[in-house]
Amino acid sequence: MPEDIPYDRNLELLPGRVDEPMPGVRRLLCNNPSPFTFKGTVSYIVGRGKVAIVDPGPDDPAHSAALLDAVRGETVTHIFVTHTHRDHSPGVPAIKQATGAWVLAEGPHRAARPLHVGEPPRLDAANDTDFKPDRVLADGEVVSGSGWTIEAVTTPGHTANHMAFAFKEGNVVFSGDHVMAWSTPVVAPPDGSMGDYMASLQKLAKRDEPTYFPGHGPAVRNAPRFVAAYILHRKAREASIVNRLAKGESDIPALVAAIYSNLDPRLVKAAGMSVLAHLEDLVARGAVATDGPASIAGRYRLGA
Ligand SMILES: [Zn+2]
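Residues numbered from 1 in each chain as written. Predicted model: local features only at pLDDT ≥ 70, side-chain atom pairs only at ≥ 80, totals over all residues. Heavy atoms only, no water.

1. Points about the overall build of the protein chain
And then number 1: Counting its regular elements, the protein chain contains six helices and 14 strands.
And then number 2: Rg of the C-alpha trace for the protein chain: 19 Å, near the compact-globule value of 19 Å for 304 residues, within the 12% margin.
And then number 3: With 304 residues in all, the protein chain has 55% of them scored as buried.
And then number 4: Across the protein chain, contacts joining residues at least 24 apart in sequence account for 62% of those joining residues at least 6 apart.
And then number 5: If you sum the accessible surface of the protein chain, you get close to 12700 Å²; carbon and sulfur atoms cover 54% of it.
And then number 6: Distance between charge centroids for the protein chain: 2 Å, based on 31 positive and 34 negative side chains. (Helix = DSSP H or I, 4+ residues; strand = E, 2+ residues; numbered from the N terminus. Rg over C-alpha atoms; globule rule 2.2 N^0.38 Å. Buried < 20%, exposed > 50% of the residue type's maximum accessible area, 1.4 Å probe, protein only. Contact = heavy atoms within 4.5 Å. Areas by Shrake-Rupley, 256 points an atom, 1.4 Å probe, with all protein chains shown as cover. Lys, Arg positive; Asp, Glu negative; His and termini not counted. Charge placed at Lys NZ, Arg CZ, Asp CG, Glu CD.)

2. Notes on the coordination of the zinc ion
The textbook angles at a metal center are 109.5 degrees for a tetrahedron of four donors and 90 or 180 degrees for an octahedron of six.
And then number 1: Binding of the zinc ion to the protein goes through His 83 (NE2), His 85 (ND1), His 158 (NE2) and Asp 177 (OD), at separations of 2.1 to 2.4 Å.
And then number 2: Given four donor atoms and angles of 84 to 170 degrees at the metal, the environment of the zinc ion is assigned as irregular.
And then number 3: Read N to C, the donor residues that coordinate the zinc ion are spaced as H-x1-H-x72-H-x18-D.
And then number 4: Given a relative accessible area of 1%, His 83 falls into the buried group. (Donors = N, O, S within 2.8 Å, 3.2 Å for Na, K, Ca; no water. Tetrahedral: all angles 85-135°; square planar, octahedral: opposite > 155°, others 65-115°.)

3. Here's the deal with the sheet that holds strand 1 (residues 19–22)
And then number 1: Read from one edge to the other, the open sheet built from seven strands follows the order 1-2-3-4-5-6-7, with strand pairing classed as mixed. Among the strands making up the open sheet, the edge pair consists of strand 1 and strand 7 (135–136).
And then number 2: Summarising the sheet, strand 5 (residues 75–80) and strand 6 (residues 102–105) pair through three bridges and their orientation is parallel. Counterpart to Ile 79 in the pairing with strand 6 is Val 103.
And then number 3: On top of the sheet, helix 2 (residues 92–99) reaches strand 4 (50–54), strand 5 and strand 6; it is set at about 150 degrees to strand 5, its chief contact. (Pairing = 2+ DSSP bridges. Axes fitted to C-alpha atoms, helices over the stretch in contact; angles between N-to-C directions.)

And the structure:
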């Protein structure tokens, strides 16, 4: 797969060091690097004086302490959570306890669809099933703080409860793991859904904020163009799956081997889940057939 997305992997940010990439937005990197989190989770502080925090990050006392340190002398009134993966929301209780802030999100963790009979919950360890917001936000809902206004934008796909937050005064979007400059996110059933993910990309493609601040890595610049590239990338991935099925490949390990070149061995399982997400979507649309529900061990062929 050529580098069709204009990736940016230059993050000039050190763990524990706060910077201010634009007026009204500060950010803090957590020291939890991995093949899935890049250099780590990025937490954001919105406003001055009476502030909001977007994604307190994992259950990491050093990060929570650094976040509280960064807002020393200020009041944290709101905590926004993009989604309930363990690198984003388990830091909520520590911040809430220290500040009394309200916790706002789309909702608790849930899968995108019910489990099929005999299907193990695949990436369960990644999910924060303890998370419970104080207030559930609907799509388009607007929350006003002291000098800042945030619009909730439901963006299911990476998780069913994924929500992006548009910071109106800054004309930027906190895009969580939905759109990131360093990589495309993992979309893994049953928690993720490729059909939802594509619809959420189409939804963001209609917005005009030029900059996104994601949950990992540097800011996304030229965001509308970047989102368009993401959409093309997914369509190309789908086309190569269809093409490989036409050539006789019929199971997920063979498809992964054929489609992904130079894959980090630690990402093979995630790549398999991503191919499954595409197949599930293709089966739902009648372009691909399989016996029973689409599964990681299934055999696939073209046509209904
Ligand atoms: Zn995530």
